[in-house]
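Reading the structure
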Amino acid sequence: MAHLRSLPDNAVLMDVFRAYPETSRPLLDYHEVVMRGPSPFTPGERELIAAYVSGVNACGYCHGVHTVTAEACGIKAGAAPSAVADLDTAPVDEKMRPVLRYVGKLTREPSSVTRADADAVLAAGWDERALHSAIMVCALFNFMNRMVEGHGIRADADYFATSGKRLEALGYAGLNQLLT
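Summary of the structure given here. Residue positions are counted from 1 within each chain, in the order its sequence is given. Where totals are concerned, whole chains, interfaces and linings use all residues; where local detail is concerned, this predicted model gives features only for residues with pLDDT of at least 70, and gives and counts side-chain atom pairs only at 80 or more. The side-chain quantities take in all heavy atoms of the structure and omit both hydrogens and water.

This next bit is on helix H4 (residues 60–72). Numbering goes from the N terminus for both helices and strands, where a helix is a DSSP run of H or I of at least four residues and a strand is a run of E of at least two. The span expected for a helix works out to 1.5 Å for each residue beyond the first. Relative to the 18 Å expected for 13 residues at 1.5 Å per residue, H4 spans 18 Å between its end C-alpha atoms, a close match to the ideal helical length. In this fold, the buried residues of H4 make contact with helix H1 (13–19), helix H2 (21–36), helix H3 (43–56), helix H5 (79–85), helix H8 (128–151) and helix H9 (157–170). Just downstream of H4 lies Gly 74, where phi reads positive at about 105 degrees. Between two residues, a contact is recorded if the distance between any of their heavy atoms is within 4.5 Å.

Our focus in this paragraph is the nonpolar core. Judged by nonpolar contacts, the single largest core of 57 residues is most densely connected at Phe 17, Ile 49, Tyr 61, Leu 100, Val 103, Phe 141 and Met 144. When residues of this core are assigned to their parent elements, the largest contribution, 10 residues, is made by H8. Excluding anything up to four places from it in sequence, Tyr 61 contacts Val 12, Leu 13, Val 148, Ile 153, Arg 154, Ala 155, Tyr 159 and Phe 160. Within this scheme, the nonpolar core is defined by two criteria: the residues are buried Ala, Val, Leu, Ile, Met, Phe, Trp, Tyr or Cys, and they are joined through side-chain atoms within 4.5 Å. When a residue's accessible area, from a 1.4 Å probe over protein chains only, is under 20% of the maximum for its type it is buried; when over 50% it is exposed; and in between it is partly exposed.

In contact at an axis separation of 10 Å, helix H6 (residues 97–108) and H8 are set at 40 degrees when each is read in the N-to-C sense. Considering the angle they form, H6 stands oblique to H8. Along this stretch, H6 crosses H8, giving a crossing that reads as right-handed. From H6, Val 99, Tyr 102, Val 103, Leu 106 and Thr 107 reach across to H8, where they touch Leu 131, Ala 134, Ile 135, Cys 138 and Asn 142. Lys, Arg, Asp and Glu make up the charged group, whereas Ala, Val, Leu, Ile, Met, Phe, Trp, Tyr, Cys and Pro make up the nonpolar group; the residues left over, Gly among them, are polar. Class assignment of the residues belonging to the contact of H6 with H8 gives a composition of eight nonpolar, two polar and no charged. Here an axis means a line fitted to C-alpha atoms, over the contact stretch when the element is a helix, while the angle between two N-to-C directions is reported on a 0 to 180 degree scale. Each angle is binned into one of four classes, with values under 35 degrees roughly parallel, values over 145 roughly antiparallel, values of 65 to 115 roughly perpendicular, and all other values oblique. Left-handed describes a crossing whose near helix is turned anticlockwise from the far helix by less than a right angle; the clockwise case is right-handed.

The next point concerns H2. Across its 16 residues, H2 extends 21 Å between first and last C-alpha, which sits within 8% of the 22 Å expected from 1.5 Å per residue. Taken together, the buried positions of H2 are occupied by Ser 24, Leu 27, Leu 28, His 31, Val 34, Met 35 and Arg 36. Taken around the axis of H2, the buried residues stretch over an arc of 145 degrees, which confines them to a single face. Across from the buried face of H2, at angles greater than 90 degrees, the exposed residues are Glu 22 and Val 33. Buried residues along H2 sit against H1, H3, H4, H8, H9 and helix H10 (173–177). Directions are taken from the helix axis to each C-beta atom, and the arc is the one they span.

It is worth spelling out the side chain of Ser 133 at this point. Positionally, Ser 133 belongs in helix H8. Residue contacts for Ser 133: discarding those within four places in its chain leaves Ser 39, Pro 40, Phe 41 and Arg 46.

We define a salt bridge as a contact between a side-chain nitrogen of Lys or Arg and a carboxyl oxygen of Asp or Glu at a distance within 4 Å. One pass over the structure, following the stated rule, counts five salt bridges. For the salt bridge of Glu 94 with Arg 97, the shortest nitrogen-to-oxygen distance reads 2.8 Å. For Arg 154, the salt bridge goes to Glu 149, with nearest N and O atoms at 3.2 Å.

Mapped onto the elements, Asp 93 comes out in the loop between H5 and H6. Separated by 48 residues in sequence, Asp 93 and Glu 45 have C-alpha atoms that sit 9.7 Å apart. Two N or O atoms count as a polar contact when they lie within 3.5 Å, although within protein this holds only if one can serve as hydrogen donor and the other as acceptor, and sequence-adjacent residues are included solely when both atoms are side-chain atoms. From its side chain, Asp 93 meets the backbone nitrogen of Lys 95 in a polar contact 2.7 Å long.

This is the structure we're talking about:
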């Protein structure tokens, strides 16, 4: 149930975006830059990072939506929930494991992240631009997870499927068009 009385009980994130377009429009523009702009990571890999961070945070809404979006963008089905459950055995590209370890640690214990953690990402073949991109996706989804949970947003698997496919097709900039 939504925590704001002005929202429907079964509110989804688009309801919050429509109710507060002044904060939502720039946020969606930022999503477009971080999630679909130039990056060493594919859109699917960024969606995997988003789904993983959201799973670590136990944000079922964001984990569900971004798991579907990652899969729609070419990530193996089940990879995100498997990575949250056991990163070492999850069906994710070996090169992504240190990235997911890094963002997981940044999410769980941000002050404990060290240069050695960054070096593990670099040793896997990623460059500093990639690490920066992963950090920005991680930071954005820690923010979004708090926003979703703070508003009391929930949804089911049918909504995740619809929303994930919409994100894959429209990107985040396309969501701004839906606010009018």
